[in-house]
Amino acid sequence: MATENVSLLFKLYCLTVMTVVAATYIVVLRYTRTVLTEMYFATTAVCITEVLKLILSLGMLTRDVGSLRGTLSTLYEHILRSPKEMLKLSIPSVVYAVQNNMAFVALSNLDAAVYQVTYQLKIPSTALCTVFMLNRSLNKLQWLSVFMLCAGVTLVQWKPMETTKVQVTQNPVLGFVAIAIAVLCSGFAGVYFEKVLKTSDTSLWIRNIQMYISGIVITAFGVYLNDGAQVLEKGFFFGYTHWVWIVILLASLGGLYTSVVVKYTDNIMKGFSAAAAIVISTAASVLLFGLQLTLNFVAGTILVCVSIYYYGLPKQNTSTFVQGEVEKQKQPLVNNV
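As the structure is a computational prediction, the values presented were derived from the model and not from experiment. (Residues numbered from 1 in each chain as written. Predicted model: local features only at pLDDT ≥ 70, side-chain atom pairs only at ≥ 80, totals over all residues. Heavy atoms only, no water.)

Draft legend 1. Just the overall build of the protein, in detail. Helices and strands together make up the secondary structure of the protein, namely 13 helices and zero strands. Across the protein, helices and strands are ordered from the amino to the carboxyl terminus as α-α-α-α-α-α-α-α-α-α-α-α-α. The buried share of the protein, taken over its 337 residues, is 44%. Put simply, 89% of the contacts in the protein that link residues at least 6 apart link residues at least 24 apart. Split by element, the accessible area of the protein, about 18000 Å² in all, is 67% carbon and sulfur. (Helix = DSSP H or I, 4+ residues; strand = E, 2+ residues; numbered from the N terminus. Buried < 20%, exposed > 50% of the residue type's maximum accessible area, 1.4 Å probe, protein only. Contact = heavy atoms within 4.5 Å. Areas by Shrake-Rupley, 256 points an atom, 1.4 Å probe, with all protein chains shown as cover.)

Below, the structure is given as structure tokens:
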């Protein structure tokens, strides 16, 4: 296993980068949707993100293969000669495209900290998809964690908080609906992609490339469908600033680092990463957007962080424990014979 060959320092490095990228992405995206005067088209940002992810994945594939000729041969084999596989990966591409667009809608209507906490509903969404699609089971502690997390999110959403430095009109209900759609998409697409990876020997980077090619086509169609007329009038990159490009870069890097973290770390460390991202987003929201914390938000956030930790705890091997107890009960009988 790869996890046995990497040091704790490398794991901490990966988790630190992922935490900072996740928290910064949410805060900067919120900034671009509420503070910038000329609003860019979210659909174009999602499309460019897919292009950048494809470029980065091609670079990683080339590094693994070792030569440009080998990379081209691999792409010909798995892209041009595998239409069925491309069609298979188009399903999560569509779902991820919806999820990414919903993130822009949500962060246009909800504070970054509220979004970060509420988005943790992806855990029960992924858990349910795992049960039904991969035939896995959850232990009692994990089910308890799921209900605890839902209770925490309910507290956070119970009374919308105010931000003193955001002047744009917001619709918290629309924001919550967008997050609900995003977490459902996240759960389904993540488990579907995991199932595809584990039912074939094709490398992660090839699967990513297959998905991103489909994603570019799908998101480009989304640009035409939602903002086509305005894009033709104002231009594809209308409203783009260096902050928008930072959002696109962070979204692209986040996807790649997620793959690394999944490969080299465990659920407990990922749980700490998610909790740390929530804390960072909350602090940034207070400082940058004038977020006014409430008791409901603080209590709900604590519940969510605790539930993330308990959900990630490894399952105990109860069969070994039970067998040991049986042996202990038999021992006196043997000694008395």
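Still more to cover.
Draft legend 2. Quick look at helix α7 (residues 140-158). Taking 1.5 Å of rise per residue, 19 residues should cover 27 Å, and α7 covers 27 Å from first to last C-alpha, within 8% of that figure. All of the buried residues along α7 are Gln-142, Ser-145, Val-146, Leu-149, Gly-152, Val-153 and Val-156. The buried residues of α7 all sit within an arc of 130° when viewed along its axis, so they share a single face. For α7, the exposed residues lying more than 90 degrees away from the buried face are Lys-140, Phe-147 and Trp-158. Elements that come into contact with the buried residues of α7 comprise α5 (112-118), α6 (122-133) and α12 (295-311). (Expected span 1.5 Å × (residues − 1). Arc of directions from axis to C-beta.)

Draft legend 3. Spatial organisation of the environment of Tyr-40. When you line up the elements, Tyr-40 lands in the loop between α1 (8-34) and α2 (42-65). Accessibility expressed as a relative area gives 2% for Tyr-40, which makes it buried. In sequence terms Tyr-40 and Gly-239 are 199 residues apart; their C-alpha atoms lie 4.3 Å from each other. What Tyr-40 contacts, discounting residues up to four positions off in sequence, is Leu-29, Thr-32, Arg-33, Ala-45, Phe-104, Phe-238, Gly-239, Tyr-240 and Val-244.

Draft legend 4. Just the side chain of Thr-118, in detail. Considering the arrangement of structural elements, one finds Thr-118 in helix α5. Among residues more than four places away in sequence, those in contact with Thr-118 are Val-153, Val-156, Gln-157, Phe-176 and Ile-179.

Draft legend 5. Looking closely at a nonpolar patch on the surface. On the surface, Leu-141, Leu-144, Val-286, Leu-287, Leu-288, Leu-293, Val-298, Ile-302, Val-306, Tyr-309 and Tyr-310 cluster together into a nonpolar patch covering about 940 Å² of accessible area. Of all elements in the fold, only α7, α11 (267-289) and α12 reach the threshold of two or more residues within the nonpolar patch. The element contributing the most residues to the nonpolar patch is α12, with five residues. Here Leu-287 lies in helix α11. (Patch = residues over 30% accessible without salt bridge, like charges linked within 9 Å, V, L, I, M, F, W, Y side chains within 5 Å. Salt bridge = Lys/Arg side-chain N within 4 Å of Asp/Glu carboxyl O.)

Draft legend 6. Representation of the nonpolar core in the model. Ranked by size, the top nonpolar core spans 52 residues in total, and within it Tyr-25, Phe-104 and Tyr-115 carry the most contacts. Ranked by residues supplied to this core, first place goes to α1 with six residues. Residues Leu-54, Phe-193, Val-196 and Tyr-212 belong to the second largest nonpolar core, which totals 15 residues. (Core = buried A, V, L, I, M, F, W, Y, C linked by side-chain atoms within 4.5 Å.)

Draft legend 7. Layout of the confidence of the model for the protein. When pLDDT is averaged along the protein, the result is 83, and 84% of the positions lie at 70 or above. For the stretch residues 317-337, pLDDT sits under 50, and the model shows zero contacts to residues farther than four places along the chain or on other chains. (pLDDT = per-residue confidence, 0-100.)

Draft legend 8. Inspection of the pattern of salt bridges at higher detail. Within the structure shown, the criterion is met by seven salt bridges. Glu-194 is the salt-bridge partner of Arg-136, the closest N and O atoms lying 2.7 Å from each other. A residue pair is termed long-range when its members are at least 10 positions apart, and Arg-136 in the loop between α6 and α7 and Glu-194 in helix α8 (residues 172-198) qualify at 58 residues. The salt bridge partner of Lys-198 is Glu-194, with a shortest N-O separation of 2.9 Å. Residue Lys-198 and its partner Glu-194 are located together in helix α8, separated by four residues, close to a single helical turn. Here the residues in one salt-bridge network are Glu-85, Lys-88 and Arg-207, joined through shared partners.

Draft legend 9. Broad picture of the environment of Ala-178. Note on placement: Ala-178 falls in helix α8. Looking at Ala-178, the relative accessible area reads 2%, which means it is buried. Ala-178 sits 79 residues away from Gln-99 along the chain, and the two C-alpha atoms are 8.5 Å apart.

Draft legend 10. The packing of aromatic side chains, seen in detail. Scanning all chains against the criterion turns up twelve aromatic pairs. Centroid distance Phe-236 to Phe-237: 5.1 Å. Interplanar angle 70°. Geometry classified as edge-to-face. With a relative accessible area of 27%, Phe-236 lands in the partly exposed category. Among the residues examined, Phe-237 registers a relative accessible area of 45% and is labelled partly exposed. Taken together, the ring pairs in this structure connect Tyr-40, Phe-104, Phe-236, Phe-237, Tyr-240 and Trp-245 into an aromatic cluster. Looking at Arg-33, its charged tip hangs above the ring of Tyr-40, at a distance of 4.8 Å from the centre. (Phe/Tyr/Trp six-rings, centres within 6.5 Å; stacked < 30°, edge-to-face > 60°. Lys NZ or Arg CZ within 6 Å of the ring centre and 35° of its normal.)

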